Structures are given as structure tokens and as C-alpha cells.
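# Topology and contacts: notes
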Amino acid sequence: MKFKVLKSDRGIFFFIQLLPPALFVIILGVLPLFSIVIWSFWEPTTYWIKPHLTIAAYYKFFTMERYLTFFKTLRVSLIVTFLALMIGYPIAYFIRKIVSEKYRSVLLFTFIIPFFLSYIVRVFSLRLILGRYGIINNVLLRMGLIFAPLEGLLFSEVAVHIGLLSSYLPFMIFPIVLSLVRVEKSTIEASQDLGATFFQTLIRVIIPLTKPGIFAGCIFVFVSSLGSTVEWDLLGGITEFSTPQMLESLMTALKFPSAFAISTLILAITMGALLIGIKYANIAELFETLE
Amino acid sequence: MRTSKIIIKASLWSLTILVLIFIFLPSFYLLLISFEPSELAKIPRGFSDFSLRWYIRLFHQERLPNALRQSVIIGLLTAGITSFLSLLSGMSYRKLRKKSYFLGLLILPIFVPGIIMGLSLAVFFRKLVSVHCSMYTVVLGHVLYALPYAAIVTLVSFSGLKESFIEAARDLGANGFRVFKDIIFPLTRGGIFGAALFGFLLSLNEFIRAFFLSGWQETLSMYMFGQMKGGADLSIYALAGFILLVSISLLIIALIYYVFIKKVI
């Protein structure tokens, strides 16, 4: 089937260029995922697994209350995704449609910077804000709103939400900015000329047109939050336990099929979201500018 | 009508600025604290109080130099391989007919949670190909992590490359290497350097994949994470500050390069 893509002017050179990146991703990015999906149905031995079909790992997932941790992580990721959308959409709209050209590139660049800074450091620095002697408690004490430092800010689920939001909010903004490029100014004006208020235009015209960006942003934030350990480890405290931490401890305990089963469930959810995004929100459209 | 527009604009400005404060203030605050000479985690009182005490203390940490060296080598290798693979992607992408499949494959790793990628690669290396985890397995994991971003940056720069430039060079008798050296590379250099920068910085700051894929030698992020969980002294702020400063300096150099030399923005 490879020959179908071959054009007359493409020689052997074309394949020499195409194959390394393609094979790299297929061998290291796809094959290992397939392996763990298959291995999640195998039987554990003392140190590894043996090829014998069983769903014991999935059965254990539901009987050993691992699903509770799993659903908690899912819930937190969904809330963070929702908050990121609520905050990120207006900002993306502002950057793309309202601010002048000059500020636009400055703002876009500013939102890229977090990608390049250590997220461990960024999460860790939130401790200084949320902690017992942190900025928030200090400000509230000085203003006389509270008389003793609030204890529940750090090392709680709230802190985990804040940490995830601060880490992954830029992932929401960029796809939406990209999709807003496709909303012409004339489309918005036409809607307003026909008597629609701003919010009617937003809901009936702009949001449907930016569906690919919204979907892509939500998937980015959701996937990243779901697979993140650092926020839970550094901000969650001892009592908060997440799916990624559960995976780490299962791996150290050499309980491979169980770890693979949970990974398979996470993969199924993320790939399902991706397929829905491709089929119903046409997220591939976002990258058409590259073609 | 006019006033409502002004209100909308003002509130969007304030939201954006608040979010930027939310994103950047903690790191900035940490950077200031790292210069505080006393044992207290607070901002230095005045400019004369800024001290490098905790930074100097870093030199006495035994495991740190090895972790730093490990991270720099991994980062450089990742940058090299990532930009090379991105370049190849850009070169072949022009000639592909079903572009979206190739692009989809390239950016697929973005959609796999980091922990799953690290875990599956670690098991893949150990059990399927029987390779011991080492620096090189971390590099492979990091290339896989950085490639989607790097490839997008490179493809954007390749979109400025017109097919007619290449045809013109060929008509004038240039061979493939000459076309690459005189036409393709100079026009797409910005994207390729961008890809290398993505590779280096993403690798330097990456934690969870390195955690699963490195052998006995830890990376800088792993070392730092251990210190943070263990509740070390204030030198942890200096270490975090040092990493921030390295990343920021590289970004400034890149910014100068793109704005003043390439005039991209």
C-alpha cells in the first residue's frame, strides 16, 4: 500500500527522510502502548507475567477499591478541565479578537513561557503561596479577614486543583486561539447586523465555529491532569492519593498486570476522547494551516 | 453600546493579567526568596540583603554535580535527535499526499499521559528488547515527548518554503545536497533551532518519564523532586531558582535571536 503515496519525483531519498521519524513514533510511541494493553490480560508470576489470558487485574481493580482512587483522579481532572475552559476561553478570545496586533504577540509569547519552565519548580513554588505562612494567609491576616492562618489551603485537594490549573491552563489557550483564527470578523459583524446580541453571537456563532479548539484544549488539559503526579505529591499531602501514584506503587511492588490494567483504562479514556474529538469536533482542522 | 464594550475589554484585560500573575508570581516569589540570606523563607529586606549563600551551598551537595551533568547530556542529545527528526519530518512532509496521517502520528504522543508513556517504555525496554534502563533510554523517552512540539515548530517554518525555490535551484544545476545547504536549511533554520530548544528545555524539566526510564543515575529534576519531598534546607530554593534562571536565559537568547536576527515577530 506504501506505493500509493509514491509520487513520480520521489525517489528512495523520500523514504530515507520519512521513515526515521515515522518509525520512531511507531516503535517507541505506539508499540509499547499496545504491549501493555495486551499484557494487562496476562497472568502475574513472581517477577513478571506469563501468557495466560485472565481478567483478574480488572477484577481486582473493582474489588480492591482501586476504582475509588481512579474515579477521584478522574473527577479532579474533569473539574480542572472545566475551570481551564471557563478561564482559558475568554483569554483566548481576548488575545485573538480584541487586543491589538502589538500586544497579541507579547501575550502569546508570555503564555508560551510556562512550557519552558520546570513544572516541578512551578508547582513547588505554589507552596510558598498557599502554605501556612504563605502569601495568601499573610494578606488575609493583614487585612484582618482571618485571625489565624488557614490550614486547609496547602496539602489538600483544593491545592491540587490549583496546581493542575496553573500547570495546564496554557494548554487550553493555544488550541482555542488557533481555532479563533478561522472565525472571520465579517461573520461576527453579520450576526450582529442581523440583530443578535453579543451573547447570542457567542453561543450560536463563535462557539460552534471554535469547537475544534475547545475540544483539543479540553483533551490536552484532561490528559495532562490525569497523568500528573507532581501536583499530587507536592501539594496533595499524605492523605491525598491519585491514580498516577497508585501506578508508581504498583510498579515498584512488581504488580505488573494491575498497573497495566489501570494504564489501559486511562488510555481507553484518552483515546476515546481523542476519537470523539476527531469525529465530532474535527480537531484535525486545527492543523490545516500546516498543510 | 460603547460603554459595554469598554467594560468587556477592561474585564478581559484584568482577567488576563490576573491569570498571568497566578501563573508567574509563585515562581518569581521563589526566585526572590532564594536570595534571602537567613534561614527564613522570606523575601530579602532590601537590595543590599540579596545573598548567594544558598547558591554557594549548592556546591557542597554531593549528588548534585552528577545529576546536573546527566541532565545536560540528556538534554543535548535530546535536542540533537529531536531537531534532526523534525528536520526529516519537515523535508518529507512537503512531498506527502496524505499529510494528515503523518501529522497525526507525529503529534500522537501529546495525547498519551506522561506516566503511561514512561511506564510503557520502561517495560518495553526491559522486557521486550532487553535493554537496561540508562541515560540513553531517558533520551529516547524525551525525544518522544518533545518531538510533537518540535515537529509543529519545524513544519510551521517549512510552510514558508516555496516549492518553486527548490525547482529554481535544481534548474540552475544544484544537486540535492546543494539545494539543502543553500535553500532549505537557511529558510527553515529558525524552526530547526526552535525544535532543538524545545528538545533541550522540555528534557531538562521533565520528571515522570525520566523517573521510569533512568537507571541508577538520577537526573536534575529527579534530584530536585527528592529534595522537595524530603523538606531540605533553603538551598532547595536556590536549586529551583538556578533551574528557572537557566531556562529564562535560554528563552531570552532565543527571543533575541528570533526578534532581532530572524525578525519573526
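Just so it is clear, the model here is predicted, and its values are computed rather than measured. (Residues numbered from 1 in each chain as written. Chains lettered and ligands numbered in written order. Predicted model: local features only at pLDDT ≥ 70, side-chain atom pairs only at ≥ 80, totals over all residues. Heavy atoms only, no water.)

## Topic: the overall build of chain A
Regarding its fold elements, chain A presents 13 helices and two strands. For chain A, the spread of C-alpha atoms along the principal axes amounts to about 75 × 70 × 35 Å. Sorting the 291 residues of chain A into buried and exposed places 54% on the buried side. For chain A, long-range pairs separated by at least 24 residues make up 71% of all intrachain contacts whose partners lie at least 6 apart in sequence. Surface exposure of chain A reaches about 14,000 Å², of which carbon and sulfur atoms provide 70%. (Helix = DSSP H or I, 4+ residues; strand = E, 2+ residues; numbered from the N terminus. Buried < 20%, exposed > 50% of the residue type's maximum accessible area, 1.4 Å probe, protein only. Contact = heavy atoms within 4.5 Å. Areas by Shrake-Rupley, 256 points an atom, 1.4 Å probe, with all protein chains shown as cover.)

## Here we look at the overall build of chain B
The helix and strand inventory of chain B stands at 11 helices and zero strands. In sequence order, the secondary structure elements of chain B are arranged as α-α-α-α-α-α-α-α-α-α-α. Seen along its three principal axes, the alpha-carbon backbone of chain B occupies a region of about 70 × 70 × 35 Å. In chain B, which comprises 265 residues, the share counted as buried stands at 53%. Contacts in chain B between residues at least 24 apart in sequence constitute 70% of all its contacts with a sequence separation of at least 6.

## Overview of helix H1 (residues 2-33) of chain B
Residue and element names in this part refer to chain B. Across its 32 residues, H1 extends 45 Å between first and last C-alpha, which sits within 8% of the 46 Å expected from 1.5 Å per residue. The largest bend along H1 measures about 40 degrees and falls at Phe-24, with the proline Pro-26 one to four residues further on. Listing the buried residues of H1 in full gives Leu-12, Thr-16, Val-19, Leu-20, Ile-23, Pro-26, Ser-27, Tyr-29, Leu-30, Leu-31 and Ile-33. (Expected span 1.5 Å × (residues − 1). Bend = angle between axes of the 7 residues up to and from the residue.)

## Quick look at the interface of chain B and chain A
Across the contact, 82 residues belong to chain B and 85 residues belong to chain A. Summing both partners gives a buried area of about 7,900 Å² for chain B against chain A, and 84% of it is carried by carbon and sulfur. For chain B, the biggest contributors to the area lost against chain A are Lys95(B), Phe111(B) and Met228(B); these three give 9% of the whole. Taken together, the links from chain B to chain A amount to one salt bridge. A salt bridge links Asp233(A) to Lys229(B), with the nearest nitrogen and oxygen atoms 3.6 Å apart. Remark: the boundary between chain B and chain A carries four residue pairs in polar contact (both at pLDDT 80 or more). Residue contributions to the side of chain B that touches chain A peak at 17 residues, all from H1(B). For the side of chain B that touches chain A, a count of residues per class yields 65 nonpolar, nine polar and eight charged. (Buried area = accessible area lost by both parts, 1.4 Å probe. Salt bridge = Lys/Arg side-chain N within 4 Å of Asp/Glu carboxyl O. Polar contact = N/O pair within 3.5 Å; in protein donor to acceptor, adjacent residues only side chain to side chain. Nonpolar A, V, L, I, M, F, W, Y, C, P; charged D, E, K, R; others polar.)

## Overview of the environment of Ser51(B)
All names here are of chain B. Along the chain, Ser-51 turns up in the loop between H1 and helix H2 (53-57). Residue class for Ser-51 comes out buried when judged on its relative accessible area of 16%. Separated by 44 residues in the primary sequence, Ser-51 and Lys-95 have C-alpha atoms spaced 57 Å apart. What Ser-51 contacts, discounting residues up to four positions off in sequence, is Ser-34, Phe-35 and Pro-37. Here the side chain of Ser-51 touches Arg-53 through a polar contact of 2.9 Å, landing on its backbone nitrogen.

## A few points about the packing of aromatic side chains
Under the criterion given, the structure shown has 30 aromatic pairs over all chains. Relative to Trp13(B), the ring of Phe94(A) has its centre 5.0 Å away and its plane inclined at 75 degrees; by these criteria the two rings are edge-to-face. Pair noted here: Phe94(A) is in helix H3 (residues 66-98) and Trp13(B) is in helix H1, and the two residues belong to different chains. The exposure class of Phe94(A) is buried, given its relative accessible area of 0%. Exposure remark for Trp13(B): the relative accessible area of 26% places this residue in the partly exposed category. Plain terms: the ring middles of Phe124(A) and Tyr237(B) are 5.7 Å apart, the flat faces sit at 35 degrees to each other, and that makes the pair tilted. Of this pair, Phe124(A) sits in helix H5 (residues 119-130) while Tyr237(B) sits in helix H11 (residues 235-261), each in a different chain. Its relative accessible area of 5% is what places Phe124(A) among the buried residues. Judged by relative accessible area, Tyr237(B) falls into the buried class, the value being 12%. Following the ring pairs from residue to residue traces out a cluster consisting of Phe115(A), Phe116(A), Tyr168(A), Phe171(A), Phe174(A), Phe220(A), Phe111(B), Tyr145(B), Tyr149(B) and Phe198(B). (Phe/Tyr/Trp six-rings, centres within 6.5 Å; stacked < 30°, edge-to-face > 60°.)

## Here we look at the side chain of Ser71(B)
Residue and element names in this part refer to chain B. Turning to its location among the elements, Ser-71 is positioned in helix H3 (residues 64-93). A relative accessible area of 4% places Ser-71 in the buried class. From its side chain, Ser-71 meets the backbone nitrogen of Leu-220 in a polar contact 2.8 Å long. Apart from the residues lying within four places of it in its own chain, the contact partners of Ser-71 are Leu-204, Thr-219, Leu-220 and Ser-221.

## Points about the packing of helix H1 (residues 12-39) of chain A against helix H6 (residues 135-158) of chain B
H6(B) packs onto H1(A) with a crossing angle of 115 degrees between their chain directions and a minimal axis gap of 11 Å. On the basis of the axis angle, H1(A) is roughly perpendicular to H6(B). In the packing of H1(A) onto H6(B), the handedness of the crossing is left-handed. Contacts from Phe24(A), Val25(A), Leu28(A) and Gly29(A) in H1(A) reach Leu140(B), Val143(B), Leu144(B) and Leu147(B) in H6(B). (Axes fitted to C-alpha atoms, helices over the stretch in contact; angles between N-to-C directions. Parallel < 35°, antiparallel > 145°, perpendicular 65-115°, else oblique. Left-handed = near helix turned anticlockwise from the far one by under 90°.)

## Re the nonpolar core
Counting 164 residues, the largest nonpolar core has Phe111(A), Phe260(A), Ile116(B) and Met224(B) as the members making the most contacts within it. Considering each element in turn, this core owes the most residues, 13 residues, to helix H7 (residues 157-180) of chain A. Not counting residues within four places of it along the chain, the set of residues in contact with Ile116(B) comprises Leu33(A), Ile36(A), Leu247(A), Ser263(A), Ile266(A) and Leu267(A). (Core = buried A, V, L, I, M, F, W, Y, C linked by side-chain atoms within 4.5 Å.)

## Points about the confidence of the model for chain A
Per-residue pLDDT for chain A has a mean of 85; in total, 95% of the residues score no lower than 70. The least confident element of chain A is strand E2 (residues 49-50) of chain A, whose mean pLDDT is 74; the most confident is H3(A), at 93. (pLDDT = per-residue confidence, 0-100.)

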